Amino acid sequence: MSDFQFDKIALIGIGLIGSSIARAIKLHGLAREISISTRSPLTLARAEELELGTFYTESAAECVKDADLVIVSVPVGASGAVAEQIAPALKQGAILTDVGSTKASVISQMQPFVPEGVHFIPGHPVAGTEHSGPDAGFADLFEGRWCILTPVEDTDAEAVRKLRSFWESLGSRVDEMDAEHHDKVLAIVSHLPHIIAYNIVGTAEDLETVTESEVIKYSASGFRDFTRLAASDPVMWRDVCLHNKDAILEMLARFSEDLAYLQRAIRWGEGDKLFDLFTRTRAVRRSIIEAGQDIAEADFGRHIRHEK
Ligand SMILES: NC(=O)C1=CN([C@@H]2O[C@H](COP(=O)(O)OP(=O)(O)OC[C@H]3O[C@@H](n4cnc5c(N)ncnc54)[C@H](O)[C@@H]3O)[C@@H](O)[C@H]2O)C=CC1
Ligand SMILES: O=C(O)C(=O)Cc1ccc(O)cc1
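Model, not experiment: these values are computed from the prediction.

A. Summary view of the site of ligand 1. The immediate surroundings of ligand 1 are formed by 25 residues, with L16, T38, V74, S101 and G133 found nearest. Measuring from an oxygen atom of ligand 1, one finds a backbone N or O atom of I14 at 2.9 Å. The side chain of R39 places a nitrogen or oxygen atom 3.5 Å from a nitrogen atom of ligand 1. Considering ligand 1 on its own, with 830 Å² of exposed area, one finds that the protein chains cover 87% of that surface. Those elements giving two or more residues to the shell around ligand 1 turn out to be α1 (16–28) and β7 (123–125). Taken together, the residues that form the shell around ligand 1 break down as 12 nonpolar, 12 polar and 1 charged.

B. Just the sheet that holds strand β5 (residues 95–98), in detail. Strand order across the open sheet formed by 6 strands is β3-β2-β1-β4-β5-β6, with parallel pairing between neighbours. For this open sheet the edge positions go to β3 (55–57) and β6 (119–120), each flanked by a neighbour on one side alone. In this sheet, β3 lies alongside strand β2 (residues 31–37) in parallel orientation, the contact comprising 3 bridges. The residue bridging S37 from the neighbouring strand is T57, located in β3. Running over the sheet, helix α2 (residues 41–49) touches β2 and β3 and is turned about 170° from β3.

C. Up close: the domain arrangement of the chain. Annotation of the chain at the domain level lists domain 1 (6–177) and domain 2 (181–290). On a C-alpha basis, the centroid separation for the pair domain 1 and domain 2 is 30 Å. The interface is formed by 18 residues belonging to domain 1 together with 15 residues belonging to domain 2. Of the roughly 1300 Å² buried between domain 1 and domain 2 on both sides combined, carbon and sulfur atoms contribute 65%.

D. Spotlight on unusual backbone geometry. Residues other than glycine seldom take positive phi values, yet E51 does so here, at roughly 55°. Relative to the elements of secondary structure, E51 occurs in the loop between α2 and β3. Not every positive phi belongs to a glycine, and D154 is a case in point at roughly 65°. Along the chain, D154 turns up in the loop between β8 (146–149) and α6 (157–169).

E. Quick look at the site of ligand 2. Around ligand 2, the neighbouring residues are S101, H124, A127, G128, T129, E130, H194, R228, L229, M236 and W237. Interatomic distance of 2.7 Å between a side-chain N/O atom of S101 and an oxygen atom of ligand 2. Between ligand 2 and the protein, one listed contact pairs an oxygen atom with a side-chain N or O atom of R228 at 2.7 Å. Relative to its unbound accessible surface of 340 Å², ligand 2 loses 84% to contact with the protein.

F. Seen up close, helix α10 (residues 234–243). By the burial criterion, the buried members of α10 are W237, D239 and V240. Down the axis of α10, the sector holding all buried residues measures 155°, keeping them to one side. Facing away from the buried side of α10, by more than 90 degrees, are the exposed residues P234 and L242. Measuring from the side-chain oxygen of the N-cap residue of α10 to the backbone nitrogen of V235 gives 3.3 Å; that N-cap residue is D233.

G. Region of the structure containing the packing of helix α11 (residues 245–267) against helix α12 (residues 271–290). As a packed pair, α11 and α12 sit with axes 8 Å apart at the nearest point and diverge in direction by 140°. With respect to their mutual orientation, α11 and α12 come out oblique. Packed against α11, whose contacting residues are Y261, L262, A265 and I266, the element α12 presents K273, L274, L277 and F278 at the interface. Taken together, the residues of the contact of α11 with α12 break down into 7 nonpolar, no polar and 1 charged.

H. View of the sheet that holds β7. Spatial strand order, β7-β8-β9: 3 strands in an open sheet with mixed pairing. Of all the strands in the sheet, just β7 and β9 (173–176) have a single pairing partner and so form its edges. Strand-to-strand twist of the sheet, defined as the mean angle between neighbouring strand axes without regard to direction, takes the value 20°. As paired elements, β8 and β9 share 4 bridges and run parallel to each other. Opposite L149, over in β9, you have E176 as the bridge partner. Sitting on the sheet, α6 touches β7, β8 and β9, and the angle it makes with β9 is about 145°.

Scoring rules and cut-offs
- Residues numbered from 1 in each chain as written.
- Chains lettered and ligands numbered in written order.
- Predicted model: local features only at pLDDT ≥ 70, side-chain atom pairs only at ≥ 80, totals over all residues.
- Heavy atoms only, no water.
- Near = heavy atom within 4 Å.
- Polar contact = N/O pair within 3.5 Å; in protein donor to acceptor, adjacent residues only side chain to side chain.
- Areas by Shrake-Rupley, 256 points an atom, 1.4 Å probe, with all protein chains shown as cover.
- Helix = DSSP H or I, 4+ residues; strand = E, 2+ residues; numbered from the N terminus.
- Nonpolar A, V, L, I, M, F, W, Y, C, P; charged D, E, K, R; others polar.
- Pairing = 2+ DSSP bridges.
- Contact = heavy atoms within 4.5 Å.
- Axes fitted to C-alpha atoms, helices over the stretch in contact; angles between N-to-C directions.
- Domains from an automatic or database assignment.
- Buried area = accessible area lost by both parts, 1.4 Å probe.
- Buried < 20%, exposed > 50% of the residue type's maximum accessible area, 1.4 Å probe, protein only.
- Arc of directions from axis to C-beta.
- Parallel < 35°, antiparallel > 145°, perpendicular 65-115°, else oblique.

This is the structure in structure tokens:
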């Protein structure tokens, strides 16, 4: 019996998330073989230069052959096409998972292609940065972070246990919930913040033609924080918006209502309303820190180390 959790792990997509998983698998010695495939030959060549795996191929189907765990780490809009390519080559009893930021859409894209006898368990490590590509990954990305699994009905409990324990070996805490709930929660805590950042930076960029270079010159730390999020990968975030449309639109409607309330309070000089809101929001930050979930400092360290 080997000590490896899995004999062979196949990684489809080797960008920030796929390459971080590869590095963590190697660091913790979780698989004997790491087989890697990605669409772009240049990215694949880079993965090989970085020695992220043991086998490299442009063919997703060849990559998953004999793999006990297959992890799809591509933009969510590409999940269906990848599932279709790999389906005939998946080994009986294999676990198939993904890391996509939206879950209901990934399930509806991938599930139809999953063969009988393959355990499909969608997942989402809630950990990342604004960088992308194989050079951007790092082995401790998942440490202390949540990974959410959204198993569909009647999923084999032993397969879920194995996948849980894989993410725990990468340092993650694991939660399970249904895909619709995941998509609503993530719409407010992750998708909206990115959309707001894209919007405010876009507005500032439009204004810059009026104010010349003052936006850059005087950009205070608040604005700089937004530019970090707004530097995230355009393909990935285009896909998140298109594939979590309903939940995002629902949260945006609520957000716009609350913004109108704030706008009105400012217009009418209602300082008490502003003070009450700002006091409530400060309490949210404090409770996050008290719950021990504030990883801002750790993140800051990671960003410094991985800043390009
Ligand atoms: N970036 C982040 O902070 C996080 C991203 N995610 C999710 O992880 C997934 C991957 O994101 P990243 O690693 O950040 O992206 P990335 O842009 O760094 O890497 C994407 C990889 O997918 C490959 N790819 C792109 N289109 C493809 C296609 N049609 N077929 C096959 N391969 C294709 C690329 O060649 C690349 O290897 C996305 O679904 C994203 O929503 C989840 C958590 C955090
Ligand atoms: O860079 C950041 O602050 C992030 O929020 C990273 C991130 C992006 C997408 C996810 O689905 C999860 C985490």
